[in-house]
Protein chains: 2
Amino acid sequence: MKEKASSYFLQLREQIISAFSELDQPFTRKPWPYKEIGGGEIGLLRGHHFEKAAVNFSKIGGKSFPMDDGQGAFFATGISLITHMRNPHAPTVHMNLRYLETETVAWFGGGYDLTPMGKYYEEDKIHFHQIAKESLDAIDPSLYPKFSEQAKNYFFIPHREKERGVGGIFFDHFPDFSVVQAVGASFLKAILPIIERRIHTPYTDEDRKEQAKFRAHYVEFNLLYDRGTKFGFQSGGNPEAILCSMPPTASW
Amino acid sequence: MKEKASSYFLQLREQIISAFSELDQPFTRKPWPYKEIGGGEIGLLRGHHFEKAAVNFSKIGGKSFPMDDGQGAFFATGISLITHMRNPHAPTVHMNLRYLETETVAWFGGGYDLTPMGKYYEEDKIHFHQIAKESLDAIDPSLYPKFSEQAKNYFFIPHREKERGVGGIFFDHFPDFSVVQAVGASFLKAILPIIERRIHTPYTDEDRKEQAKFRAHYVEFNLLYDRGTKFGFQSGGNPEAILCSMPPTASW
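Throughout this description, residue numbers start from 1 for each chain and increase along the sequence as written. As a convention, the first chain written is A and the first ligand written is 1, with the rest following in written order. Owing to the predicted nature of the model, reporting of local features is limited to residues with pLDDT of at least 70; listing and counting of side-chain atom pairs is limited to 80 or more, with chain, interface and lining totals taken over all residues. The side-chain quantities take in all heavy atoms of the structure and omit both hydrogens and water.

Note on aromatic pairs: the rings of Phe, Tyr and Trp (six-membered ring only in Trp) are paired at centre separations within 6.5 Å, and the planes decide the class, stacked below 30 degrees, edge-to-face beyond 60, tilted for the rest. Counted by the stated rule, this structure contains 42 aromatic pairs over all chains. Ring plane angle 5° and centroid distance 4.3 Å describe the contact between Tyr154(A) and Phe170(A), whose orientation is recorded as stacked. Of this pair, Tyr154(A) sits in helix α3 (residues 143-154) while Phe170(A) sits in strand β9 (residues 168-174), and the two are 16 residues apart along the sequence. A relative accessible area of 16% places Tyr154(A) in the buried class. Throughout, exposure labels follow a simple rule: accessible area from a 1.4 Å probe, protein chains only, divided by the maximum for the residue type, with under 20% read as buried, over 50% as exposed, and the rest as partly exposed. Looking at Phe170(A), the relative accessible area reads 8%, which means it is buried. Between Phe155(B) and Phe170(B) the ring centres are 5.8 Å apart and the planes differ by 80°, which places this aromatic pair in the edge-to-face class. Taken together, the positions of Phe155(B) in the loop between α3 (143-154) and β7 (156-157) and Phe170(B) in strand β9 (residues 168-174) put the pair 15 residues apart, joining distant regions of the chain. A relative accessible area of 4% places Phe155(B) in the buried class. Through a chain of ring-to-ring contacts, the aromatic side chains of Tyr8(A), Phe9(A), Phe75(A), Tyr99(A), Phe108(A) and Phe177(A) assemble into a single cluster. A run of H or I in DSSP counts as a helix once it spans at least four residues, and a run of E counts as a strand once it spans at least two, with each numbered from the N terminus.

Here the focus is the pairing of β9(A). All names here are of chain A. The buried fraction of β9 amounts to six of the seven residues, a majority that puts the element mostly inside the structure. Bridge analysis of strand β6 (residues 106-115) against β9 gives five bridges, and the strand direction is antiparallel. The residue bridging aspartate 113 from the neighbouring strand is glycine 168, located in β9. Between any two strands, pairing holds if DSSP finds at least two bridges.

Our next topic: the interface of chain B and chain A. Reports often express the size of an interface as the amount of accessible area lost when the parts come together. Two residues form a contact once any of their heavy atoms are found within 4.5 Å. In this assembly, 18 residues from chain B lie in contact with 18 residues from chain A. Summed over both partners, the interface of chain B with chain A comes to about 1500 Å²; 70% of that surface belongs to carbon and sulfur atoms. Once two parts are put together, the accessible area they lose, assessed with a 1.4 Å probe and summed over both, is termed the buried area. When the buried area of chain B at its contact with chain A is split by residue, His159(B), Leu223(B) and Trp252(B) rank highest and sum to 42% of it. In what follows, salt bridge is the name for a side-chain nitrogen of Lys or Arg lying within 4 Å of a carboxyl oxygen of Asp or Glu. The interface formed by chain B and chain A contains zero salt bridges. Pairing of N or O atoms within 3.5 Å defines a polar contact, subject to two protein rules: one partner must be a possible hydrogen donor and the other a possible acceptor, and residues neighboring in sequence count only if both atoms are side-chain atoms. Counting across the chain B and chain A interface gives nine residue pairs in polar contact (both at pLDDT 80 or more). Broken down by element, the side of chain B that touches chain A gets its largest block of residues, four residues, from helix α5 (residues 205-224) of chain B. Gly falls in the polar group here, along with every residue not listed as nonpolar (Ala, Val, Leu, Ile, Met, Phe, Trp, Tyr, Cys, Pro) or charged (Asp, Glu, Lys, Arg). In terms of residue class, the side of chain B that touches chain A is made up of eleven nonpolar, three polar and four charged.

It is worth spelling out the environment of Met67(A) at this point. Residue and element names in this part refer to chain A. Locating methionine 67 in the fold gives a position in the loop between β3 (50-62) and β4 (74-85). Placed 167 residues apart in sequence, methionine 67 and glutamine 234 show a C-alpha to C-alpha distance of 7.8 Å. Every residue in contact with methionine 67, bar those within four places of it in the chain, is listed here: Arg227, Phe231 and Gln234.

Residue and element names in this part refer to chain A. If you trace the seven strands from one edge of the open sheet to the other, you get β1-β2-β3-β4-β5-β6-β9, paired in antiparallel fashion. Sheet topology places β1 (28-33) and β9 at the edges, where each strand pairs with a single neighbour. Direction aside, neighbouring strands of the sheet carry axes that sit 10° apart on average. Strand direction decides the pairing type here: strand β2 (residues 37-45) and β3, joined by seven bridges, are antiparallel. When the sheet's bridge partners are listed, glycine 40 is paired in β3 with serine 58. Running at roughly 155° to β6, helix α2 (residues 122-137) makes contact with β5 (92-102), β6 and β9 of the sheet. Axis definition: a line fitted to C-alpha atoms, over the contacting stretch in the case of helices. Angles run 0 to 180 degrees between N-to-C directions. The strands touched by helix α5 (residues 205-224) are β3, β4, β5 and β6; relative to β4, the strand with the most contacts, the crossing angle is about 160°.

Attention shifts here to the relation of the copies chain B and chain A. Superposition of the copies was done by least squares, using only C-alpha atoms of residues whose pLDDT is at least 70 in both. Superposing chain B onto chain A takes a rotation of 180° plus a shift of 0.0 Å along the axis, which leaves an RMSD of 0.0 Å. As the rotation angle and translation indicate, the two copies are arranged about a two-fold axis. An overlap of 100% is found between the interface residues of chain B and their copies at the interface of chain A, pointing to a shared contact surface.

What follows is about the environment of Leu243(A). Turning to its location among the elements, Leu243(A) is positioned in the segment after α7 (239-242). Not counting chain neighbours up to four residues away, the residues in contact with Leu243(A) comprise Lys52(A), Leu223(A), Phe233(A), His159(B), Arg160(B) and Glu220(B).

All names here are of chain A. Put simply, helix α1 (residues 2-23) and helix α4 (residues 177-198) touch, their axes get as near as 11 Å, and they point 5° apart. Classed by the angle they form, the pair α1 and α4 counts as roughly parallel. On the side of α1, the interface is formed by Lys4, Ala5, Tyr8, Phe9, Leu12, Gln15, Ile16, Ala19, Phe20 and Leu23, while α4 contributes Phe177, Val180, Gln181, Gly184, Ala185, Phe187, Leu188, Ile191, Leu192, Ile195 and Glu196. Here roughly perpendicular refers to angles of 65 to 115 degrees, roughly parallel to angles under 35, roughly antiparallel to angles over 145, and oblique to all remaining angles.

This part takes up the sheet that holds strand β3 (residues 50-62) of chain B. Residues and elements named next belong to chain B. In space, the seven strands of this open sheet follow the order β1-β2-β3-β4-β5-β6-β9, with antiparallel pairing throughout. What marks the edges here is a single partner per strand, and that holds for β1 (28-33) and β9. Each adjacent strand pair in this sheet contributes to an overall mean axis angle of 10°, direction not counted. Two elements, strand β5 (residues 92-102) and strand β6 (residues 106-115), share ten bridges in a ladder whose sense is antiparallel.

So, about the pattern of salt bridges. The full count for this structure, using the stated rule, is 40 salt bridges over all chains. Arg198(A) is the salt-bridge partner of Asp124(A), the closest N and O atoms lying 2.9 Å from each other. With Asp124(A) in helix α2 and Arg198(A) in helix α4, this pair connects stretches of sequence that are 74 residues apart. The class for Asp124(A) is buried, based on a relative accessible area of 3%. Linking Arg164(B) and Asp113(B) is a salt bridge whose minimum nitrogen-to-oxygen distance equals 2.9 Å. With Arg164(B) in the loop between β8 (162-163) and β9 and Asp113(B) in strand β6, this residue pair connects regions lying 51 residues apart in the sequence. Like Arg164(B), the residue Asp113(B) is buried in the burial classification. If you follow the salt bridges from partner to partner, you end up with Arg13(A), Glu14(A), Arg29(A) and Glu41(A) in one network.

A few words now on helix α6 (residues 227-234) of chain B. Along an α-helix, residues three or four apart share an orientation, since each turn contains 3.6 residues. Of the residues making up α6(B), those classed as buried are Thr229(B), Phe231(B), Gly232(B) and Phe233(B). For α6(B), the N-terminal cap is Asp226(B); the gap from its side-chain oxygen to the backbone nitrogen of Gly228(B) is 3.3 Å.

Residue and element names in this part refer to chain A. Even without a glycine there, the phi angle at histidine 173 is positive, about 50°. With respect to the secondary-structure elements, histidine 173 resides in strand β9. The exposure class of histidine 173 is partly exposed, given its relative accessible area of 44%.

Structure representation (structure tokens):
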């Protein structure tokens, strides 16, 4: 499964990079080696519509799994992406799909979720969830209710007593590759129509200031609570790749 | 000691607020209640030279100490301050002094440290450390070497493999109130001359951009590593007061 999963993540990543580039400009790429086995590649776009987008791939191995849900030697591969749009009407999207193998257990995890940055459109939330739901219902109608509930719980900012954004889907310790493929295949359908209809909306300096305040909440979630960030630092991952998710601006 | 320490922190706080206000404008004040006993007051200045400064006081009590260096019912009082200067030539300063009492043990902790935000002046670092050293040497010449070493170790950003700034002094689990008073009394002498000689230096948009990048590292330290932030959230402290230390702008 190691090779199957990592080739899938790699081709999905290239497909997403192509789609985003078409709306803006090419990504710059920066490979990095992991301290033990393998490494990854940052794909970074600092463009016009995408004020900052990162679509990263990694495939690493090591002697000692650093988290408490596995033990011993491990293998981890995944795609991890984020978009911080310049236009405050366009929400931030985050997506991550990963495969982990340890000596005791192997699993998939990931999902995608949407975060408006000051401007909220009900129709965007509905569309985003609708695509997620359709992609999962095709496999098993019990998945979407579960995964969207898990996103609600996971992407929660306790000290602000609010969800990070408007949710999406999230799963972890899941055995089924076909679900990962369904989620991956649906991602661009979920986000592209939203990006396309928001990036030309006029906005003001005040809107940008408000956006920077919402981005600050995103920073708080990622540094205080996110397991991906924690795994990244605890496994000695590349700090630049881990911090790619940080917004281009934030204000407190 | 509870009342003695908290009155000292309160008067020191008012003295610092006066000194900063004289260079800029008055602070706004916002009291907050703690969920169990007591509370605190945010003192916030969003001014011309002080783009954002917070000089906070708190005095709280509760049934169950949330950290691992004490047990049972606790009392905590302290002053906590930060300045984020608009001028990138002027460094950020952070100061915290606290008294903690638990059922098993009571102690003082705190210190102050300096963080240039892109522009570095050796003379500022020397002056800052010199004042800290003099204030401690008057009590015991073995303290400064120890406390400055502890600051070096504590204010370190592992994933960036660098110190947060140019150090200062830091101590914890310390029994001696006179040391806290010496540190408190020296604070304005340590920082005011630096602020006064930097806030009129001309700067460019590029300098401001660089400042925002350095401020981002400050955010990373505070949210990923700082024990004060951790204690604040784990004890159910006021999120607004805890996050006062966040810079007005940051960029990644």
